[in-house]
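Examination of the molecular architecture
These are the residues of each chain, in order.
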Amino acid sequence: MDRSLFLKAWLLCGSLDAAYATGLTLVRGTGNVGGVWRGVASGPFGNAADTWGLGGALAGLGVHFAIMAAMVAIGLWLARQSPLAGVAPWKAGTLYGFVLYSVMYGLVLPQRFGVPFPNPDKVKLALALFPHVFLVGIPMFVLFRRKPPLS
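Quick summary incoming for the structure in this document. Given the structure is predicted, the values throughout are model-derived calculations rather than measurements.

A few words now on a nonpolar patch on the surface. Together, Leu95, Val99, Val103, Leu107 and Val108 give the surface a local cluster of nonpolar side chains, amounting to about 410 Å² of exposed area. Note on placement: Val103 falls in helix α4 (residues 89-113). Looking at Val103, the relative accessible area reads 38%, which means it is partly exposed.

A separate point is the layout of surface pockets. Over the atoms rolls a probe the size of a water molecule, and its path tells where empty space is left. Approximately 1,300 Å³ is the volume found for the largest pocket. Contributing to the lining of the largest pocket are 41 residues, with Val40, Met104, Tyr105, Leu109 and His132 lying nearest its centre. For the lining of the largest pocket, the secondary structure elements donating two or more residues are α1 (3-28), α2 (33-45), α3 (53-81), α4 and α5 (122-144). With eleven residues, the top contributor of residues to the lining of the largest pocket is α4. Of the residues that constitute the lining of the largest pocket, the class distribution is 29 nonpolar, eight polar and four charged.

Structurally, His132 is set in helix α5. A polar contact is formed between the side chain of His132 and the backbone oxygen of Ala128, at a distance of 2.8 Å. When sequence neighbours within four positions are dropped, the list of residues in contact with His132 reads Gly97, Leu100, Tyr101, Met104, Tyr105 and Gly137.

Turning our attention to the nonpolar core. Side chains that are nonpolar tend, in soluble globular proteins, to be buried together. Membership of the largest hydrophobic core comes to 27 residues, with the highest contact counts inside it found for Val72, Tyr96, Met140, Phe141 and Phe144. Residue assignment for this core shows that the elements contributing at least two residues are α1, α3, α4 and α5. Among the elements that make up this core, the one with the highest residue count is α5 (nine residues). With residues up to four places along the chain from it excluded, the contact list for Val72 reads Phe6, Ala9, Trp10, Met140 and Phe144.

For any pair of aromatic rings, geometry is given as the distance between the ring centres together with the angle between the planes. With the rule as written, the count across this model stands at eight aromatic pairs. Here the aromatic rings of Tyr20 and Phe130 are separated by 5.6 Å at their centres, their planes lie at 35°, and the arrangement is tilted. One end of the pair, Tyr20, is in helix α1; the other, Phe130, is in helix α5, with 110 residues separating them in the sequence. Relative accessible area serves as the criterion here: at 18%, Tyr20 is assigned to the buried category. Phe130 sits in the partly exposed class, given a relative accessible area of 35%. A ring pair is formed by Tyr101 and Tyr105, whose centres lie 4.8 Å apart and whose planes are at 20°; its orientation type is stacked. One end of the pair, Tyr101, and the other, Tyr105, are both in helix α4, four residues apart, so they sit about a helical turn from each other.

Conventions adopted
- Residues numbered from 1 in each chain as written.
- Predicted model: local features only at pLDDT ≥ 70, side-chain atom pairs only at ≥ 80, totals over all residues.
- Heavy atoms only, no water.
- Patch = residues over 30% accessible without salt bridge, like charges linked within 9 Å, V, L, I, M, F, W, Y side chains within 5 Å.
- Areas by Shrake-Rupley, 256 points an atom, 1.4 Å probe, with all protein chains shown as cover.
- Salt bridge = Lys/Arg side-chain N within 4 Å of Asp/Glu carboxyl O.
- Helix = DSSP H or I, 4+ residues; strand = E, 2+ residues; numbered from the N terminus.
- Buried < 20%, exposed > 50% of the residue type's maximum accessible area, 1.4 Å probe, protein only.
- 1 Å grid on protein atoms, 1.4 Å probe; cavity = no way out; pocket = protein on both sides within 12 Å on 5 of 7 lines; lining within 4 Å.
- Points joined across faces, edges and corners; volume = space filled by probe spheres on them.
- Nonpolar A, V, L, I, M, F, W, Y, C, P; charged D, E, K, R; others polar.
- Polar contact = N/O pair within 3.5 Å; in protein donor to acceptor, adjacent residues only side chain to side chain.
- Contact = heavy atoms within 4.5 Å.
- Core = buried A, V, L, I, M, F, W, Y, C linked by side-chain atoms within 4.5 Å.
- Phe/Tyr/Trp six-rings, centres within 6.5 Å; stacked < 30°, edge-to-face > 60°.

Structure, rendered in structure tokens:
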């Protein structure tokens, strides 16, 4: 695995997705940013993470980037070792983004938080799907695209 490529995709996609979640929270005015990240930390650490203050928010960012590392590692493998290697990056990234959304909202979040899947609120569904496709899947596969050798 190309470690430099992995690192670039991990930092780029993780940062874009984190900025989106933070920005959406601020725009909606539905909570505070620290609460969002403590909520992420509560996934693996339980509801106690909600009381951890700044430490809980930092733990949530750590959890977010750990999950993103797995997403990027699988994406890089798919871009190198699967039929997606020969697919246009925007198509492969869109497909991968849909898969990531489906796993997160169809398996992970319902198991931990009882989130409905698919979300019956179409706006919330679109707001949740957007970053998986446009901030994670597509940028990842654009970075992973194989360039033809120079002649």
